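One letter stands for each residue in the lines below.
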Amino acid sequence: MRCSLHSPRRASLLLCLALFLSCGEASVNIEANAGPLYRVVGSPLIITCTTSGFHNDEAEKHFEIRVTKPSKPNFGINIISTNDPLFGFAVYQRRVESKEITLNRVSPNSVVFEITSLLKGDEGDFECSVINSELSYFGTYSVKTTVKVIDNSLSVSTPDPTSLSFKEGEALTLTCQASTITIQHTHLSVAWNLHKDGSAEAQTIISLNRDFTLTPGSDFERRYKAGDISLDKLGDSTYRLKIAHLEQSDQGKIVCQAQEWIQDPDRSWYSIAQSEAQETALQVKAREVVQDMLSLEVQLSAQPQSLIEGQELMLSCNIDAQNLKERFFSVAWLLGSKELARIGPTGIVTVGAAYSGREKDGELRAARIGGSDYHLVLQPVRTEDQGGYVCRVWPETRGEGGVFIQGEPQDSETQQVSISATESGLSVTMQDTVSVTEGDRLRLVCTVSGVKGQVSITWQRKATDVQPFADVISVGQDGIVEKGGEFKSRSVSATRPTTGTFVLELDEVTPSDSGVYQCSVSEWQTNSKTFSQSAAATVNVVPIESKLSVALLIRKNNVTVGENVQLMCRVKGPQVPVTLTWSVQRDPSTIDNILTVYHNGSISWFGEQNHYQLKVEKNANAVIHSLQIIGASHREAGLYQCMPSVFLENVHKKLPPSNPLAVMVHNPVSKLRLNPSRPLTEDINIDIEMRCSVAEKSPQSSLYAVTWLLQQEPANKIIVRSDMAALVTFGPDVEERDRKRISVKRSKGPTFLMTIHQAKISDGGLYICEVEEWIQDPRGDWYRLTTVSQTTKLSLLETASNLELNKTEQSLMASEGAEVDLQCDVISGASSISTFIAVTWLYAARSSSKANASLVKLDHTGLLSYPEYKDLQGLQSRLRLSRPTKTSFHLTISRAHEGDSGTYWCLGEQYQLDDEGHWHQKASESSGAITLSVNVAENNLHIAKKEVEMNVSRSQNFAVDCHITSQSSPESTFQVTWFWQKYEEMEPRPIFTAYRNSTLQDRLGEGLQLRFGHPVPKLFNLTVLSAAPENSGMYFCEVEEWLPSLDHGLRKVAVEKSGTLTVNVNPEGDARLLSGSHCNSSTWMAITVVIVVVSLLVILVLSLKMCKSTGKSKKKSGENLWANQPINPKIEELNLTD
């Protein structure tokens, strides 16, 4: 059972052993910044990548950076590598070459990846990989960091002028507005910095940190602790800097800087945006003083002490002290506890907050008269000006750095002033309470009656009851309009549409504009104010969020993949500039922006624009923003919200988001159905094919992933899986040798097949075929639609032996050289694929030395072998074993020899493979004997035997022909010998031999001139040249026929003699042919000439053929018979002459 598919124990033991061996060995690990990281467009991106766990910690590791974009999550884009300068794809290579993207090594195991300026298209998952330089893999070699690129919505502005000039000791107030509409949770920090002339670095005056703590700059810490410097936050987005007493060192350019901070997943804070307002150039004028510490006396006089409303009041303060001209003082006038005005040691006049408006209108003046007198003038006085007045004086001494140190104050005696009202017809009225919505225009109407002469009007505001009024805007009696300090950058106007109506209009009000607004009207006569009257109204600015309602609506939120989704964000309320951001939350920790529609109509897209459509419709009381998702996929599932914000007075204000709305995207209904399977019962050791075919499929273009499992406890065992791309992977518990026995394939239908080769008894069980259907959504992503399964029961049996061979005995006859085919048929036992047959051919020769010899063996694994028998090597070299069918084994003998004759039979053996992978012989059977007889060729040699008598003259040539009329075999070769027997001799003598290898031999050696001829294949002739009378006699030829012998090389088959040619050579020269007929000499000569010509032509043709076939050992009878070497070195080569 150890090799079966049921055996996960061995894999588990191997896994435990591997873990045991790796115990104590550090695994490779790689770390980078945790994501998601939110960064704004144009800001830098820095990711640190560090690895550990390599054996050689000091060796430099090479790193690679890739990114996968949200639009193609399965496609990685190469960016930069420490190993290859051309690693990046073209879309990033230019930025790498320009050093906009860098990968810097900080240690052998750590690098820093940086993009100096992010683009919106850089959003994605950045993967840092370390290249493994070791032989084995163990650990993690790559890590991903998700980066979200958002818009920079940080806005910083100031209403203050670009330049200001103050005297040393005066107070400075600056205002800064900072806001953002980032939908992620962020904090703002605000700081005022001072850029001194000639200094490269700015000094921080004071900052409000992201954790809402105040931190003064190092150069301003003493003054901050003394309460001379403060930073206040007014409302959601307004920040105010106050310096109570300016110093010369404060001169320079003051700028308000804001930073937006976000908390990364590692809990650290990161500044994603920074912006500055316009600079304000500040000039501080100094004044020289002389230090003195002597005592003083203060006196106050009021002229007159009783006045009528509208008259002038002069308050004179006199200081008496030694060295008065060399000393410095601060002088202040107080009415009760309210300070009217103060003259500082350098002569700078500051007015109390409650009287700043009257000072601007010329109703209050303060000045130093001479060395010891200080005057304060109020004109026209009002009834509220009566009461007790005091003059308070502080001696001032200058310390180091020109800073004044204030001594103990000295007060004068109290002077009572009474003011009676005069009769005047001036009357001022306003509506008591006015309510206006944030972002709308505030309009206040001041109704004036009883006006005599010219009038001036001043509109003032105070936020709380304890605060003094501050000017909003004023219109002098000469019609000159002047805005208050805090409203210089605001859209504010004061008009007089009718004689008795004054109107204040303030655009785009915010909740911080709430408070008490006062309309002060003064009568003037001859450039002198005679009477003033005022009225007040309480203004309540209702926050826009209380008037503005946002609702997210949808007609259908549960859609099928591919359907369109219509989301409608309805914004009801006042018509204000609204910025709207669409977002989706796909998981609890991440909110992704889709797009932002800004108040100016511009659109910023964050997702794939081609998957969305945007439409904005304005109705009478609402604006409807419609977002349509074109062809929804699973990526679009999530919680959707629309988040509005308003942009008022250069400030973004976030409003409460809409209700979250869940969009659910479900899969279409699948029609996938499998055909039922039938149980399989098969023999072991065969290839078993299990089918899993689709009976019905969905109309979509689907792909399928198939997993084959074996049912077992406690969990099913995965055998093999073929994913939708047909990539095959085996289960972790399948052993390597079992993997070689398993194959999967697909066919039309589709049909999925798993084949178990050489099945074992332990392979039986319940096999589960799980088919996953995958379809492609409109985004191009593949997702699983459904999973169906079927079960096939496999039962395996061990089969009994049924081997049977054909035992019919046969007799075969063959000619030598022919091809002989011997057949061994298996009647039963070979058709089953669970068994394997081995066949051995045996041979018994007619001689006992070759009895029962094994010629060739084909074993059950298909291995062919030849047993070693020295006497049979020739026969074995001519054997060919074939198996044209599963039940038929053929033994072919090529070019059969006579010695191949004998008895042949085959021995069949049946084998089967057990569970352990061992072969076992199940049966053995012999076939019937085949008796083979190989016969040589029969003698069929015939020579023309015609008896001829010839009379020739002296010196005449005559030829002795040898004509072969038939031969035993086409492969026959011939040896021809001519004999000559004189009349007086008893035995013929050989005179010439043409051997079968074309060697010629003159056998007589008596000077007889001979010429050999072989004009045609079966005709040989020997011509006696220049016959003499002594050449008379009987001539004939003897032919030996030789055939190739497969056992002995060449074998003489037959010997035949021709007929006799009797030649009579007449000494006189008259010759006649005696053969029962006469032939005249002219006819004979003609025949001789023709024969000679033909012979020469034949010799010429044969010579050309010999040139083409030099070196061949066997020649046909028609080839040139001349040889370079004689057969017998003792035989002399003929010297033939004409």
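Residues numbered from 1 in each chain as written. Predicted model: local features only at pLDDT ≥ 70, side-chain atom pairs only at ≥ 80, totals over all residues. Heavy atoms only, no water.

A.B. asks: I would appreciate a short explanation of the overall build of the protein in the present structure.
C.D. replies: In terms of helices and strands, the protein carries 8 helices and 86 strands. Expressed as a percentage of its 1138 residues, the buried residues of the protein come to 47%. (Helix = DSSP H or I, 4+ residues; strand = E, 2+ residues; numbered from the N terminus. Buried < 20%, exposed > 50% of the residue type's maximum accessible area, 1.4 Å probe, protein only.)

A.B. asks: Would you mind going over the packing of aromatic side chains with me for this structure?
C.D. replies: Across all of its chains, the model carries 16 aromatic pairs by this definition. Between Phe-113 and Phe-126, the ring centres sit 5.8 Å apart and the planes meet at 40°, which makes this aromatic pair tilted. Here the residue Phe-113 occupies a position in strand β7 (residues 110–115), and Phe-126 occupies one in strand β8 (residues 124–130), the gap between them amounting to 13 residues. Residue Phe-113 shares its accessibility class with Phe-126, and that shared class is buried. Ring geometry for Phe-992 against Phe-1012: centres 5.8 Å apart, planes inclined by 25°, an arrangement best described as stacked. Of this pair, Phe-992 sits in strand β79 (residues 989–994) while Phe-1012 sits in strand β81 (residues 1010–1016), and the two are 20 residues apart along the sequence. Look at Phe-992 and you get buried, because its relative accessible area is 0%. The class of Phe-1012 is buried, set by a relative accessible area of 7%. Geometry around Trp-261 places Arg-210 over its ring, the cationic atom sitting 4.6 Å from the centre. Taking the ring centre of Trp-1042 as reference, the NZ or CZ of Arg-996 above it sits at 4.0 Å. (Phe/Tyr/Trp six-rings, centres within 6.5 Å; stacked < 30°, edge-to-face > 60°. Lys NZ or Arg CZ within 6 Å of the ring centre and 35° of its normal.)

A.B. asks: Any chance you could explain the pattern of salt bridges here in plain terms?
C.D. replies: Scanning all chains against the criterion turns up 43 salt bridges. Between Arg-443 and Glu-505 there is a salt bridge; the shortest N-O distance is 3.4 Å. Separated by 62 residues along the polypeptide, Arg-443 in strand β35 (residues 442–449) and Glu-505 in strand β40 (residues 501–506) bring together distant segments of the chain. Taking the relative accessible area as the measure of exposure, Arg-443 reaches 47% and is therefore partly exposed. In this structure, a network of salt bridges that share partners links the residues Arg-222, Arg-223, Asp-228, Glu-247 and Asp-250. (Salt bridge = Lys/Arg side-chain N within 4 Å of Asp/Glu carboxyl O.)

A.B. asks: Would you explain the pairing of strand β27 (residues 364–369) in this entry?
C.D. replies: Put simply, side chains in a regular strand alternate between the two faces of the sheet. Two strands pair when backbone bridges link them, and β27 and strand β28 (residues 373–378) are joined in this way by 6 bridges, in the antiparallel orientation. Following the sheet pairing, Ala-367 is matched in β28 by His-375. The hairpin formed by β27 and β28 contains 3 residues between the paired strands, and Gly-370 there has a positive phi angle of roughly 75°. (Pairing = 2+ DSSP bridges.)

A.B. asks: When you look at the state of the cysteines in this model, what are you seeing that I'm missing?
C.D. replies: Under the definition given, this model contains 8 disulfides. One disulfide in the model links Cys-446 with Cys-519; its S-S distance is 2.1 Å. Between Cys-446 and Cys-519, the disulfide has an S-S torsion of -85° and is therefore left-handed. Here Cys-446 is found in strand β35, whereas its partner Cys-519 is found in strand β41 (residues 515–525), with 73 residues between them in sequence. The exposure classification of Cys-446 matches that of Cys-519, with both residues buried. (Disulfide = S-S within 2.5 Å.)

A.B. asks: What exactly am I supposed to notice about the sheet that holds strand β10 (residues 155–157) here?
C.D. replies: Sheets are built from strands paired through backbone hydrogen bonds, the pairs being either parallel or antiparallel. On the basis of which strands lie adjacent, the open sheet formed by 4 strands has the order β10-β12-β17-β16 and antiparallel pairing. Pairing within the sheet leaves two strands with one partner each, and these edge strands are β10 and β16 (229–234). With strand direction ignored, the average angle separating the axes of adjacent strands in the sheet is 20°. Sheet analysis places strand β12 (residues 172–179) next to strand β17 (residues 238–243), joined by 6 bridges and oriented antiparallel. (Axes fitted to C-alpha atoms, helices over the stretch in contact; angles between N-to-C directions.)

A.B. asks: How do you make sense of the sheet that holds strand β39 (residues 492–498) when you look at a structure like this?
C.D. replies: With respect to topology, 4 strands assemble into an open sheet ordered β33-β35-β40-β39, the strand pairing being antiparallel. Looking along the sheet, the strands with just one partner apiece sit at the ends: β33 (427–430) and β39. On average, adjacent strands in this sheet sit at an angle of 20° to one another, irrespective of strand direction. Summarising the sheet, β35 and β40 pair through 6 bridges and their orientation is antiparallel.

A.B. asks: Just checking my understanding: could you explain helix α2 (residues 90–97) for this structure?
C.D. replies: Counting along an α-helix, one turn takes 3.6 residues, and residues three or four places apart therefore face a common direction. Among the residues of α2, those classed as buried are Tyr-92, Gln-93, Arg-95 and Val-96. Against β4 (63–68), β5 (76–81), β6 (101–107) and β7 lie the buried residues of α2. Just beyond α2, the residue with positive phi is Lys-99, at close to 65°. (Contact = heavy atoms within 4.5 Å.)

A.B. asks: Is there a simple way to think about the pairing of strand β24 (residues 328–335) in this case?
C.D. replies: β24 sits mainly inside the fold: 8 of its 8 residues count as buried. In β24, alternate side chains face the same way, and those of Phe-328, Ser-330, Ala-332 and Leu-334 on one face and Phe-329, Val-331, Trp-333 and Leu-335 on the other are all buried. One ladder, built from 8 bridges, connects β24 with strand β29 (residues 387–398); its direction is antiparallel. Across the sheet, Leu-334 pairs through a bridge with Val-390, a residue of β29. In this structure, β24 lies alongside strand β25 (residues 338–343), joined through 5 bridges in antiparallel fashion. When the bridges of β25 are listed, Leu-334 appears paired with Glu-339. With antiparallel pairing between neighbouring strands as the criterion, β24 and β25 make up a hairpin whose turn holds 2 residues, including Gly-336 at a positive phi of roughly 65°.

A.B. asks: Help me understand the nonpolar core, please; the structure alone is not making it clear to me.
C.D. replies: A general trend in soluble globular proteins is that nonpolar side chains are found buried together. Residues Leu-552, Leu-567, Cys-569, Trp-582, Ile-594 and Tyr-640 are the most contacted members of the largest nonpolar core, which totals 34 residues. Elements with a minimum of two residues in this core: β43 (549–554), β45 (565–572), β46 (578–587), β47 (590–597), β50 (622–629), β51 (638–648), β53 (661–666) and β63 (782–797). In contact with Tyr-640, other than residues within four places in its own chain, are Leu-552, Leu-567, Ser-583, Val-584, Ile-594, Ile-629, Asn-659, Pro-660, Leu-661 and Val-663. (Core = buried A, V, L, I, M, F, W, Y, C linked by side-chain atoms within 4.5 Å.)

A.B. asks: Help me understand unusual backbone geometry, please; the structure alone is not making it clear to me.
C.D. replies: Only a minority of non-glycine residues have a phi that is not negative, and only a minority of peptide bonds are not trans. Between Gln-303 and Pro-304 the backbone carries a cis peptide bond, its omega angle lying at -20°. Note that Pro-304 resides in the loop between β21 (296–303) and β22 (306–308). Even without being a glycine, Arg-267 presents a positive backbone phi close to 75°. Its place among the elements puts Arg-267 in the loop between β18 (252–263) and β19 (269–276). Look at Arg-267 and you get exposed, because its relative accessible area is 60%.

A.B. asks: Got a minute to help me understand the side chain of Gln-177 in this structure?
C.D. replies: Topologically, Gln-177 is positioned in strand β12. Look at Gln-177 and you get buried, because its relative accessible area is 16%. Not counting the four nearest positions on each side in its chain, Gln-177 is found in contact with Ser-155, Val-156, Ser-157, Ser-237, Thr-238, Glu-649 and Val-651.

A.B. asks: Explain the environment of Arg-996 to me, please; I cannot follow it from the model alone.
C.D. replies: Here Arg-996 lies in the loop between β79 and β80 (1000–1002). Sequence spacing of Arg-996 and Phe-974 is 22 residues, and the spatial spacing of their C-alpha atoms is 5.1 Å.

A.B. asks: For this particular structure, what's the right way to read a nonpolar patch on the surface?
C.D. replies: The grouping of Phe-75, Phe-89 and Val-91 at the surface amounts to a nonpolar patch, some 280 Å² of accessible area in total. Mapped onto the secondary structure, Val-91 falls in helix α2. (Patch = residues over 30% accessible without salt bridge, like charges linked within 9 Å, V, L, I, M, F, W, Y side chains within 5 Å. Areas by Shrake-Rupley, 256 points an atom, 1.4 Å probe, with all protein chains shown as cover.)

A.B. asks: Got a minute to help me understand the confidence of the model for the protein in this structure?
C.D. replies: Taken residue by residue, the protein gives an average pLDDT of 84. The fraction at 70 or more is 90%. Note on residues 1–24: pLDDT is under 50 here. Beyond four places in sequence and across chains, it has 40 contacts. Taken together, the stretch residues 1109–1138 has pLDDT below 50 and engages in 48 contacts with residues farther than four places along the chain or on a different chain. (pLDDT = per-residue confidence, 0-100.)

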